[in-house]
Amino acid sequence: METTSGREPAIPELESLSQTRLAECYQCGKCTAGCPTAGHMDIPPTRLIRLLQLGDSESALHASSIWQCVSCQTCTTRCPKSVDCAAVMDALRQLASERGTASPAERRTVVFQQAFLDNIRRHGRLNEIELIAAFKGAVFLRDRSLPFLFRDAGLAPQLQKRRKLHLVGESVKDRGVVARIFARAAKGGAQ
Amino acid sequence: MNPPMNLGYYPGCALHGSSNDYEQSLRACLGALDVTLAEIDDWICCGATSAHSLNHKLAVALPARNLALAHRQGLTEVFAPCPMCSMQLLRAGQAMQSDPRLRQEISGMVEAEVHDGPCVLNLIQVFQRIGLDRLKGAVRTPLQDLKPACYYGCLLVRPPTVVEFDDAEQPQSMEAVVAALGAKPVEWSYKTECCGAGMTMAKTETVLELSGRILANAVAHGANCLVVACPMCHVNLDMKQHDAGEFLHMKFDLPVYYLSDMVGMALGLGAAELGIDRHFVVGGGN
Amino acid sequence: MSRIGVFVCWCGENIARTVDVQKVVDAIAELPGVRSAQHYKYMCADPGQAMIREKIAAEKLDGVVVASCSPHMHLKTFRRAVATAGLNPYLLEMANIREQCSWVHHDRDLATAKAIGLIGMAVAKVRHDRKLEPIRVPVTRRALVIGGGVAGIQAALDIADSGYEVVLVERDPSIGGKMAGLSETFPTLDCSQCILTPRMVEAGQHPRIRLYTYSEVEGVEGFIGNFKVTIRQKARYVDMTKCTGCGECSKVCPLKRNPSEFDYGMGMRPAIYMPFPQAVPARPVIDKKTCAKIIRNGCGLCEKKCAPGAINFKDTDRMVEEQVGAIVVATGYKLYSIGREQNSDKVRGYGEYGYGKYKDVIDSLQFERLVSASGPTNGELKRPSDGKIPQKVVFISCVGSRDNAKGLQYCSKICCMYTAKHTMLYKHKVHSGEAHVFYMDIRAGGKGYDEFVRRAIEQDGAKYYRGRVSKVTEENGKLIVRGADTLAGIPVIIEADMVVLAAAMRPADGVAELAQMLNVGYDENGFLMESHPKLRPVETNAAGVFVCGACQAPKDIPEAVAQASAAASKVAVTFAASELTREPEIAHINEQTCAACFACVRTCPYHAVEKAEIRARNGALIKHTARVNPGLCMGCGTCVAVCPSKSADIEGFSEEEIYSMVEALV
């Protein structure tokens, strides 16, 4: 069902995706206290949830924090109200990616995750070299950073020496079913 | 004589990619313990971080297909050496077990019928199934010079409602295994702190900072090596160890062993056989 | 019965707005046996009651139905009204046409028809009512108080001062409870023992208080006014009649290093020990789990040293019986145990705080002992690991409390106040020290309480951070505390020398078993249930059993003391009459038809049915029968439901009455 803006209201969708009730959070701060990257975040987890409680999904969907999150699950594990904060982060990432609101400062992370998923869609299993090439290429097209393009280049011979470099990656035998699974999972995808 | 054990096996992308030293290690080690591994036929990627971050449905469907394939193959227990894979398999399984409507939908999506099970095991659980007493009895070279810091990382123990393994705050299962091998595990404070996970390429500084702190704490508590049971942690702590040291203005020289390396060494297997010579940090002033 | 008077109340507009009272009166007047029917605006008011009395006299009514509000409101009112008019009060029935009719329906026609139906049922019932008399039971005017903390002591003193004997039973070797171990109390910073010990001494010396210490209640039988209590006096191995409390035994005991219970493990005590210097009774006790003589017949030095020969290694537990008429439960609290070991699988510990792993992470009661002038470090705040004075202390609130994930949802009420107090006690001792508090909310609702917390922050310099702590680890003798401040929106990391955890208040161990003995309910957290949370806070649903103090819910000392006096006053009310009256609507067994299957004996939740024998005059046994104890029966009707021979029935709610009501409706 499409609304006039083409968007459903964000907060009910976030709650549905993450299977949480945001009202249960009583803002104790334990998630922020245990988050390994909270010190770098623009909007740490407690405040992110508070903004959602107040109806402000825009700030959350534009935040850098959701891409700085490492999905370590510490927040969810220690929450005294059993609010699945990690799942809320996942839901925010999904919506931000779908709606194009991902923070520009965290573009590389977003591009990496999208490239990874694309790689799986085509091969059924991860092809590392292809992923790195796609990732670096996509980033370079935007920011034209040669140092970035060639960073870790020295790693290749190191990996090769250790027989960890696979120029040609693995693919599954039945790639069709993988493509179909992805098609069905896409938003509004065929069933 | 102990009966041979047959386990289903879900290697995951990392173990067939740049973490194939982990697969070499566990195959050598488990082979010496009469454990045969039956790989799930035509398994697919579990989706890892990108699926659960970008597409909730996919994050259930991709692991679900593997559970269905395992069931089709008659496998009741599946060993998944990567905790990201094992956690995703467990989480998808639980979601579908409690929601029959979801299970039906996903079965349609993945073109394979999803049933309850199989049981998913991590590497520590495999050694627990083999039995610590049996391991102790099989030790030929006690690892008495090793003072490992047992590093669990995130997804072996979290979220506790999904993985239901050990204690999420003060785990001791890995220490029990290495102690049975004659090593002297240290008590330290960063057992379950995150290493930076999949940010290795996308946001390297995060990994350097987090992994650096882990290595520093291990050293501060007297460890002379690290033990892990996760390929991602291994990459961040081993391949990135030198860079992490530079980032924190420290110098690290800690070999990072897979738990299967430890068991293998204690059983008398050689470094080349286990793939230890393929690590980045070999210790001893490298 | 043929002369029934029906009185339909308007209840102002509450009933009359929805129910057509005139139509009701007209319909009811037609029923057989109804002598008069009328309506009035406020039946419970004086004119309404007068109307009932006049009609009883004028029409010689032999039964009355009042159709009005719920019997919970005015049953007693109307019973008294008919009694003053000379009619047996149990020949009155009420039909609830308010809560069960006008307040829940909108349609006037349907509500009126329903009201007529309800009143018709009441008329049918009252026709079968019998004259009943309240049951009288004798009263033993002695009270039992279980628990010798500040609440138990207060209750015991008040009851004893009212002129009644009190049996005070305390599980520990001395009375005083948790308050005896506190350093100073908020908000006055009075020395806790200084204000408590006079009460303890008074309780110990009161002519009407019989004190059993180191004792536990093991069995309770009987009913209000007539309880028989079995008390186990545990063996002290010290003859209290000979011991002078000189303390030489403790000095000579070689086993000095047992963790002290009174100091919560912060100090040590010998195997024979005085619980604390101000103990009442001031007599030592031997810990049979560690004493070498008791375990393996070694040592025995204390016996040799004791001049009056008071040591008795042959001592055994003694069982004592006491008869009492009322029981006050004041068993107090214990602290949530924080570590992995919990006494329920629904409650989990805080592995993330390192309690039990790191020596300098302690709980609030342990902190009280360390700052107490008569504590194990003589009031110098020395940290457990190395005895150094901590320069930075972090206090963490809500450890266990308000934590659904760990299993305890409630707020423990006192921790905000005592944490502020702790920061002040700390700063008063260590002027240059830093006190840091992590909190979620500040609950300081008592008299002078909020001012007290502000004083801690504004004058004593305690630093407060609004956020929980995620993890505590130890590096090089420092405790790294990772918390957050949600007001600033940042993580806060503090390197502390000591961490004090404000652990949740939980009911004392063994309370569930005690509650079962007393037929008192308890909630999912183990706190004993009061009869009504607002209006009956110290009574329980077990007649004659009262509660006070922290066993009912977390509370501070002034509340515990107030509740204790309240419970004592309820005991005095119970003892005011030489006899107690009970409502007669209880079960009775037809002993002729009873088949003695004793299903009722097994199922009665109040243990009110006994097995009895009917014997001939020459002593020959005629038959067995079940018999209801009129003092204990609460009229619940369970026996009626299970009786296969229909021998059990309830007065005032007989099967005949119930069936007649159903027939009236159909």
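In this convention, every chain numbers its residues from 1, walking through the sequence in written order. Whichever chain is written first becomes A and whichever ligand is written first becomes 1, with later ones labelled in order. Local features in a predicted model are, by the rule used here, given only for residues with pLDDT of at least 70; side-chain atom pairs are given and counted only at 80 or more, and totals for whole chains, interfaces and linings are based on all residues. Hydrogens and water molecules were not included; the side-chain quantities draw on all heavy atoms of the structure.

1. A look at the overall build of chain C
Moving on, step 1. A run of DSSP states H or I qualifies as a helix once it reaches four residues; a run of E qualifies as a strand once it reaches two. Both are numbered from the N-terminal end. Counting its regular elements, chain C contains 18 helices and 34 strands.
Moving on, step 2. Projected onto its principal axes, the C-alpha coordinates of chain C cover approximately 90 × 75 × 40 Å.
Moving on, step 3. It only takes one pair of heavy atoms within 4.5 Å for two residues to be counted as in contact. Here the contacts in chain C between residues at least 6 apart in sequence split such that 69% fall between residues at least 24 apart.
Moving on, step 4. Calculation of accessible area relied on Shrake-Rupley with a 1.4 Å probe; when residues are assessed, cover is drawn exclusively from the protein chains displayed. Summed over all atoms, the accessible surface of chain C reaches about 29,700 Å², with 52% contributed by carbon and sulfur.

2. Some points on the confidence of the model for chain C
Moving on, step 1. Here chain C averages 95 in pLDDT, and 100% of its residues register 70 or above.
Moving on, step 2. ipTM for the predicted complex: 0.93, alongside a pTM of 0.88. pLDDT is a residue-level measure of predictor confidence that goes from 0 to 100.

3. Notes on the sheet that holds strand S7 (residues 165-169) of chain C
All names here are of chain C.
Moving on, step 1. Pairing is parallel in the open sheet, where 5 strands are placed in the order S10-S7-S6-S18-S29. Edge positions in the sheet fall to strand S10 (209-212) and strand S29 (545-547), since each of these pairs with one other strand and no more. Put simply, the sheet's adjacent strands are angled 20° from each other on average, direction ignored.
Moving on, step 2. Two strands make a pair as long as DSSP finds a minimum of two bridges between them. As paired strands, strand S6 (residues 142-146) and S7 are joined by 5 bridges and run parallel to one another. Residue Arg 142 lies in a different strand from S7, and its bridge partner there is Glu 165. Angular values range over 0 to 180 degrees, each being the angle between N-to-C directions of two axes fitted as lines to C-alpha atoms, with helices fitted over their stretch in contact.

4. Some remarks on the interface of chain B and chain A
Moving on, step 1. Taken together, the contact between chain B and chain A spans 58 residues of the former and 54 residues of the latter.
Moving on, step 2. Two parts placed together each lose some accessible area under a 1.4 Å probe, and the buried area is that loss summed for both. Summing the contributions of chain B and of chain A, the shared interface buries around 5,100 Å²; its carbon and sulfur component is 57%.
Moving on, step 3. Take a side-chain nitrogen of Lys or Arg and a carboxyl oxygen of Asp or Glu: if they are within 4 Å of each other, that pair is a salt bridge. The interface formed by chain B and chain A includes 8 salt bridges.
Moving on, step 4. The partner of Asp 21 of chain B in a salt bridge is Lys 164 of chain A, with the nearest N and O atoms 3.0 Å apart.
Moving on, step 5. A 3.5 Å cut-off defines polar contacts: any pair of N or O atoms within that distance qualifies, except that in protein one atom must be a possible hydrogen donor and the other a possible acceptor, and neighbouring residues in sequence count only when both atoms are side-chain atoms. At the boundary of chain B and chain A, one finds 29 residue pairs in polar contact (both at pLDDT 80 or more).
Moving on, step 6. Listing elements by their share of the side of chain B that touches chain A, those giving two or more residues are helix H1 (13-16), helix H2 (20-32), helix H3 (48-54), helix H4 (56-72), helix H5 (83-98), helix H6 (100-110), helix H11 (199-202) and helix H12 (204-220) of chain B.
Moving on, step 7. Polar here means any residue other than Ala, Val, Leu, Ile, Met, Phe, Trp, Tyr, Cys and Pro, which are nonpolar, and Asp, Glu, Lys and Arg, which are charged; Gly is therefore polar. In the side of chain B that touches chain A, the residues fall into 26 nonpolar, 18 polar and 14 charged.

5. Some words on the sheet that holds strand S22 (residues 434-439) of chain C
Residue and element names in this part refer to chain C.
Moving on, step 1. An order of S20-S27-S21-S22-S23 is seen for the 5 strands of this open sheet, with the pairing classed as parallel. Every other strand in the sheet has two partners, leaving strand S20 (361-363) and strand S23 (463-466) as the edge strands with one partner each. Ignoring strand direction, the axes of neighbouring strands in this sheet form an average angle of 25°.
Moving on, step 2. Bridge analysis of S22 against S23 gives 4 bridges, and the strand direction is parallel. By the bridge assignment for S23, Phe 438 is matched with Tyr 465.

6. Some remarks on the packing of aromatic side chains
Moving on, step 1. The criterion for an aromatic pair is that two Phe, Tyr or Trp rings (for Trp, the six-membered ring) have centres within 6.5 Å, with stacked assigned to planes under 30 degrees apart, edge-to-face to planes over 60 apart and tilted to the rest. Applying the stated criterion across every chain, the model contains 16 aromatic pairs over all chains.
Moving on, step 2. An angle of 90° between the planes, with centres 5.4 Å apart, marks the rings of Phe 186 of chain C and Tyr 449 of chain C as edge-to-face. Residue Phe 186 of chain C is located in the loop between strand S8 (184-185) and strand S9 (190-191), and its partner Tyr 449 of chain C is located in helix H13 (residues 449-458); the two are separated by 263 residues in the primary sequence. In this structure, Phe 186 of chain C and Tyr 449 of chain C share a single accessibility class: buried.
Moving on, step 3. Consider the rings of Phe 438 of chain C and Tyr 465 of chain C, whose centres lie 5.0 Å apart with planes at 25°: the pair is stacked. In this pair, Phe 438 of chain C is assigned in strand S22 and Tyr 465 of chain C in strand S23, connecting sequence segments 27 residues apart. One exposure class covers both Phe 438 of chain C and Tyr 465 of chain C, and it is buried.
Moving on, step 4. Linked through ring pairs, Phe 112, Phe 116, Phe 135 and Phe 148 of chain A together constitute an aromatic cluster.
Moving on, step 5. The ring of Phe 148 of chain A has Lys 136 of chain A sitting right over it, with the charged end atom 4.7 Å from the ring centre. Think of it in three bands: residues with accessible area under 20% of the maximum for their type are buried, residues over 50% are exposed, and the middle band is partly exposed, with areas taken using a 1.4 Å probe on protein chains only. Charges are assigned to positions over rings by a cutoff of 6 Å between ring centre and Lys NZ or Arg CZ, combined with an angular limit of 35 degrees from the ring normal.

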